[in-house]
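Reading the structure
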Amino acid sequence: MNRVEEIIKEINHLERNMNQLKIELNAVQKNCVHDFQKKDTIQKCLKCSLIESLSW
């Protein structure tokens with residue numbers, strides 16, 4: 001297998017892992033009892049790192 005094929009295979013593997021981790025993070029953030037730290041335009045949960053915009 002040449003190097004290009006190896007790189008493409010690794011990218012595909014990492015993308016699958018990233019998608020699974022995004023799903024897991026989303027589930028954690030949905031079930032979190034948020035403890036927000038507010039800044040000027042955003043608030044960030046100190047527990048799960050969820051970020052929400054305050055400038056609507």
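It should be noted that the structure appears before, not after, this text.
Residues numbered from 1 in each chain as written. Predicted model: local features only at pLDDT ≥ 70, side-chain atom pairs only at ≥ 80, totals over all residues. Heavy atoms only, no water.

Side note on the overall build of the protein
Across its full length, the protein carries one helix and three strands. Traced from its N-terminal end to its C-terminal end, the protein shows the element sequence α-β-β-β. The C-alpha atoms of the protein give 17 Å as radius of gyration, which overshoots the globular expectation for 56 residues (10 Å, by more than 25%). Overall, the C-alpha framework of the protein stretches about 50 × 25 × 15 Å when taken along its three principal axes. Taken across its 56 residues, the protein has 11% of its residues classed as buried. (Helix = DSSP H or I, 4+ residues; strand = E, 2+ residues; numbered from the N terminus. Rg over C-alpha atoms; globule rule 2.2 N^0.38 Å. Buried < 20%, exposed > 50% of the residue type's maximum accessible area, 1.4 Å probe, protein only.)

Regarding the pairing of strand 2 (residues 42-45)
One face of the sheet, then the other: side chains in a regular strand alternate in exactly this way. Here strand 2 shows one buried face, formed by Q43 and C45, and one open face, formed by I42 and K44. Direction of pairing for strand 1 (residues 36-38) relative to strand 2: antiparallel, over a ladder of three bridges. Looking at strand 2, one finds that F36 is bridged to C45. Hairpin connection of strand 1 to strand 2: three residues between the antiparallel strands. The pairing of strand 2 with strand 3 (residues 51-53) spans three bridges and is classified as antiparallel. Considered in strand 3, the bridge of Q43 is made with E52. Counting the residues that bridge the hairpin from strand 2 to strand 3 gives five residues, and of these S49 lies at a positive phi of roughly 65 degrees. (Pairing = 2+ DSSP bridges.)

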